[in-house]
Amino acid sequence: MSRRIQGIGMTSRRTRERMISRLREQGIYNSKVLAAMADTPRHIFVDEALESRAYEDTALPIGHNQTISQPYIVAKMTELLLERGPLNKVLEIGTGCGYQTAILAKLVEQLYSVERIAPLMKKARDTLWELNIKTVGFKHTDGGWGWPEHAPFDGILAAAAPAEIPEALLEQMAVGAVMVIPVGLEGVQELHRITRTEHGFEDEAIERVSFVPFLSGVSQ
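All residue numbers refer to position in the chain's written sequence, counted from 1. Restriction of local features to residues with pLDDT of at least 70 applies here, the model being predicted, together with a cutoff of 80 or more for giving and counting side-chain atom pairs; totals for whole chains, interfaces and linings are based on all residues. Remark: hydrogens and water are excluded; side-chain values derive from all non-hydrogen atoms of the structure.

As annotated in an unreviewed UniProt entry, the protein carries the name Protein-L-isoaspartate O-methyltransferase and is attributed to Methylomonas albis. UniProt positions are given in the numbering used here, feature names are shortened, and annotations may be inferred rather than shown by experiment. Under Subcellular location (unreviewed entry), UniProt gives the following word-for-word description of the protein: "Cytoplasm". Reading the Catalytic activity (unreviewed entry) entry of the UniProt record for the protein gives the comment "[protein]-L-isoaspartate + S-adenosyl-L-methionine = [protein]-L-isoaspartate alpha-methyl ester + S-adenosyl-L-homocysteine".

Caption draft 1: Inspection of the pairing of strand S8 (residues 189-197) at higher detail. Inspection of the sheet shows strand S7 (residues 173-183) paired to S8 by 6 bridges, in the antiparallel sense. Considered in S8, the bridge of valine 180 is made with arginine 193. By this definition, two strands are paired if DSSP reports at least two bridges between them. Every helix listed is a DSSP run of H or I at least four residues long, and every strand listed is a run of E at least two residues long, numbered separately from the N terminus. The antiparallel hairpin formed by S7 and S8 contains 5 residues in its connecting segment, where glycine 184 sits at a positive phi of about 125 degrees. Here S8 pairs with strand S9 (residues 200-209) via 9 bridges, running antiparallel. Within the sheet, the bridge partner assigned to histidine 192 lies in S9 and is alanine 205. The antiparallel pairing of S8 with S9 creates a hairpin that spans 2 residues between the two strands.

Caption draft 2: The nonpolar core, seen in detail. The term nonpolar core refers to a set of buried residues drawn from Ala, Val, Leu, Ile, Met, Phe, Trp, Tyr and Cys, joined through side-chain atoms within 4.5 Å. Here the term buried applies to any residue with accessible area under 20% of the maximum for its type, exposed to any over 50%, and partly exposed to those in between, with areas from a 1.4 Å probe on protein chains only. Grouped together as the largest cluster of nonpolar side chains are 52 residues, with contacts concentrated most on Leu23, Met37, Phe45, Ile68, Leu81 and Tyr99. Listing elements by their share of this core, those giving two or more residues are helix H2 (13-25), helix H3 (31-38), strand S1 (60-63), helix H4 (71-82), helix H5 (99-105), helix H6 (118-130), strand S5 (136-140) and S7. Ranked by residue count, the leading element in this core is H4, at 8 residues. Should any heavy atoms of two residues lie within 4.5 Å, those residues are counted as being in contact. Apart from residues no more than four positions distant in its own chain, leucine 81 is found in contact with Leu87, Val90, Leu104, Gly155, Ile156, Leu157, Val178 and Val180.

Caption draft 3: Fine view of the UniProt feature "active site" (unreviewed entry) in the protein. As recorded in UniProt, the feature "active site" (unreviewed entry) lies at Ser69. Within the fold, serine 69 resides in the loop between strand S2 (66-68) and H4. On the basis of relative accessible area, serine 69 is assigned to the buried category, the value being 19%. When near neighbours in sequence (up to four residues on either side) are disregarded, serine 69 contacts Arg42, Thr58, Ala59, Val74 and Phe211.

Caption draft 4: Representation of the side chain of glutamine 172 in the model. Along the chain, the position of glutamine 172 falls in the loop between helix H7 (167-171) and S7. Residue glutamine 172 is classed as buried on the basis of its relative accessible area, which comes to 6%. Dropping the residues within four chain positions of it, glutamine 172 is found in contact with Leu91, Trp145, Gly146, Trp147, Pro148, Ala151, Pro152 and Phe153.

Caption draft 5: Focus on the packing of aromatic side chains. Pairing of aromatic rings covers Phe, Tyr and the six-membered ring of Trp, with a centre-to-centre limit of 6.5 Å; geometry is then stacked below 30 degrees between planes, edge-to-face above 60, and tilted otherwise. If you walk through the whole model with that rule in mind, you get 3 aromatic pairs. Note on phenylalanine 45 and tyrosine 99: the rings are 5.6 Å apart at their centroids and 70 degrees apart in plane angle, and the pair reads as edge-to-face. Of this pair, phenylalanine 45 sits in the loop between H3 and S1 while tyrosine 99 is found in helix H5, placing the two residues 54 residues apart along the sequence. Geometrically, the ring pair formed by tyrosine 112 and tryptophan 147 is edge-to-face, given 5.4 Å between the ring centres and 80 degrees between the ring planes.

Caption draft 6: Summary view of the pattern of salt bridges. Whenever a carboxyl oxygen of Asp or Glu lies within 4 Å of a side-chain nitrogen of Lys or Arg, that contact is scored as a salt bridge. Within the structure shown, the criterion is met by 7 salt bridges. In this structure, glutamate 56 and arginine 53 form a salt bridge, with 3.1 Å as the shortest nitrogen-oxygen distance. Put simply, Glu83, Arg84, Arg193 and Glu204 are held in one network by salt bridges that share partners.

Structure representation (structure tokens):
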């Protein structure tokens, strides 16, 4: 493992362990989620100038008007997704810098990740390759379209907030599947967990959140 991945000082394993202790205090209890986050060096997913802040409980800019979500939100969304048992095939909407992707890749059998901003997707793929995570499928596409060629999915996790959940994503859920997604306009967003049943969809509102908006189209 390279020295960059191992980290020193504010990016060291000890700093990462303090983040895990804080997540436990914040109510994150899934041991597999905590272990995945303990094993994933968040500092290599942000610009070098921000590495010393990587384990603070805050969102950080990653360029292109996007952010890496705060550790608590990454842990909470992952925990909600997996709460009812292990998942085989999962779709991630919004690869971003790839941090959430790296966590999910350690916890699900098959992961497919879509991103509308091409440079972000490339950088995320390179970072995951550096961590020897080579099992993720990537696609440069509008997140609202999902990835129908690989549907149906057992789980969907979205890292951007639409005003309303795209119909295409609901259609790509298998019966019994779970989707964790922030919904709402800026300042009034809530995290939702949607479960598809044989008779329709169950919708749970979890807590207030703040995410970048879910935009349509693609960017080169």
